[in-house]
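Coordinates in review
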Amino acid sequence: MNELNCYMSENRIYIFDTTLRDGEQVPGCKLNTKEKVELALALEELGVDIIEAGFPVSSPGDFESVVAISKIIKNATVCGLTRAVEKDIEVAGAALKHAKRGRIHTGIGTSDSHIKSKFNSNREDILKRAVQAVKWARKYTDDVEFYAEDAGRTDNEYLARVIEAVIAAGATTVNIPDTTGYCLPTQYGDKIAYLMNHVQNIDRAIVSCHCHNDLGLATANSIYGAINGARQIECTINGLGERAGNTSLEEVVMVLKQHSHLGLFTNIDATKLNPISHLVSDTMRMPVQPNKAIVGANAFSHSSGIHQDGFLKNSETYEIIRPEEVGAATSKIVLTARSGRSALAFRFKNLGFELDKNDIDSLYQQFLKLADVLKEVEDENLILLATEFLKQKAA
Ligand code: KIV
Ligand code: ZN
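What you see is a predicted model; the values in this text were computed from it and never measured.

Overview of the packing of aromatic side chains
As enumerated under the stated definition, the model contains two aromatic pairs in all. Ring centres of phenylalanine 348 and phenylalanine 353 lie 6.0 Å apart, and the angle between their planes is 85 degrees; this geometry places the pair in the edge-to-face category.

Dropping the structure here:
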């Protein structure tokens, strides 16, 4: 299925944020309850639909965090992860007791690799365990999400049988994780389309994408999933998550905004994307790579002469998003040895220096010598350069 025959009837994409669960699994990103609550409130402000608050059975601290988040969150659904294990589900049910809207996210591995290596089992047994898990979860809430772990490498015909059975058992959202980040966008999109077309009761559940970034394709795969009928995307701020991370929330939101012809939209307030990225990075003590899309320090920086010249004539020549749309500071003209005269003139003008074309030509040669040494030329260097130049000119 392609963009044109995507499911146009219900075009809202629900954002399921798993920064506090899959994101928090990153070594070094562990949060305490206070930190988790602070981030949950910021996620709610951002407009996420579902907050995966943790894995309650995993530790007393995580149980306490899910309880605290359940008590404080008013608009978003609060979700707790479980395995297809009765005790996990009972503990998640207890942790979510106070939630205005609580969801249990339960599931099991469905690929042959998981079935054989992890469970030493067979497809029929796994299908029964999946159905049983959903039935246990339904004792605690009407909002049950089932994940078919490693769905990306699961045989489609078997996956469709599992999904149909768990929906019949009461799952209201079905999550199709590309757990290992293996799929190509077309493969993942085709998998979602296959389920939309072969699962008889698929209209009774929302299909969800949960993609990992091992090949750098997590966002592309999620978008292809949505184009083919999925209506929930699971993602994290800054793309945090196991190994190479999860689909990045900010990327999904801005892809859908930029490509409005897809007719898909989220409820996210994009102007809060940069502030929350900083908050998550600081709280989790995990720096954001400078070239990260949307929220990286260089996302709105221009450093080569050709780009700077074009950008200064019209920002749209080199920027598809205005920084204020995503709550970032203004675009930056960075001065390096690759910068041109127009950028240098622009920066001098901003610093209050009145310089003509000949002045800039002379200063540019001095600037290049400095830039070769300094890598980046800062305002204080420019002030010294211009002051000295004007002094000599006046002498
Ligand atoms: O990547 C994955 O498969 C998961 C599941 C637990 C949803 O994180
Ligand atoms: Zn995951």
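Focus on the pattern of salt bridges
Per the counting criterion, the structure on display carries 29 salt bridges. With its nearest N and O atoms 2.7 Å apart, the salt bridge here joins arginine 103 to aspartate 143. Of this pair, arginine 103 sits in strand β4 (residues 102–109) while aspartate 143 sits in the loop between α5 (123–138) and β5 (144–149), placing them 40 residues apart in sequence. Note on accessibility: arginine 103 and aspartate 143 belong to one class, buried. A salt bridge links arginine 243 to aspartate 214; the nearest nitrogen and oxygen atoms lie 2.7 Å apart. Of this pair, arginine 243 sits in the loop between β8 (232–235) and α9 (249–258) while aspartate 214 sits in the loop between β7 (206–211) and α8 (218–227); the two residues are 29 residues apart in sequence, bridging distant segments of the chain. Members of the salt-bridge network, linked through shared partners, are Arg21, Asp22 and Glu52.

Thoughts on the site of ligand 1
All residues in the neighbourhood of ligand 1 are listed as Arg21, Asp22, Leu81, His105, Tyr147, Glu149, Asn175, Pro177, Thr179, His210 and His212. At a separation of 2.9 Å, an oxygen atom of ligand 1 approaches a polar side-chain atom of arginine 21. Elements represented by at least two residues in the shell around ligand 1 include exactly β5 and β6 (173–178). Within the shell around ligand 1, the residues separate by chemical class into three nonpolar, five polar and three charged.

So, unusual backbone geometry
Although it is not a glycine, isoleucine 294 sits at a positive phi angle of roughly 70 degrees. One can find isoleucine 294 in the loop between α10 (273–284) and β9 (301–302). At lysine 375, a residue that is not glycine, the phi angle is positive and equals roughly 70 degrees. Within the element layout of this structure, lysine 375 appears in the loop between α13 (357–374) and α14 (379–394).

Section: the state of the cysteines
All chains considered together, the criterion is met by zero disulfides. Its sulfur unpaired, cysteine 209 is 5.5 Å from the next cysteine sulfur, which belongs to cysteine 211. Residue cysteine 209 is classed as buried on the basis of its relative accessible area of 0%.

A short note on the domain arrangement of the chain
Entries for the chain in the domain assignment read domain 1 (3–283) and domain 2 (301–394). Its C-alpha centre places domain 1 at a distance of 45 Å from the equivalent point of domain 2. Together, the buried faces of domain 1 and domain 2 total about 550 Å²; carbon and sulfur atoms form 54% of this surface. By the criterion of area lost to domain 2, the three top residues of domain 1 are Met254, Gln258 and Asn274, representing 67% of everything that side buries. Here domain 1 is connected to domain 2 by three residue pairs in polar contact (both at pLDDT 80 or more). Counting only elements with at least two residues in the side of domain 1 that touches domain 2, the list comes to α9 and α10. Examining the composition of the side of domain 1 that touches domain 2, we find that three residues originate from one element, α10, more than from any other.

What counts as what
Residues numbered from 1 in each chain as written. Chains lettered and ligands numbered in written order. Predicted model: local features only at pLDDT ≥ 70, side-chain atom pairs only at ≥ 80, totals over all residues. Heavy atoms only, no water. Phe/Tyr/Trp six-rings, centres within 6.5 Å; stacked < 30°, edge-to-face > 60°. Salt bridge = Lys/Arg side-chain N within 4 Å of Asp/Glu carboxyl O. Helix = DSSP H or I, 4+ residues; strand = E, 2+ residues; numbered from the N terminus. Buried < 20%, exposed > 50% of the residue type's maximum accessible area, 1.4 Å probe, protein only. Near = heavy atom within 4 Å. Polar contact = N/O pair within 3.5 Å; in protein donor to acceptor, adjacent residues only side chain to side chain. Nonpolar A, V, L, I, M, F, W, Y, C, P; charged D, E, K, R; others polar. Disulfide = S-S within 2.5 Å. Domains from an automatic or database assignment. Buried area = accessible area lost by both parts, 1.4 Å probe.

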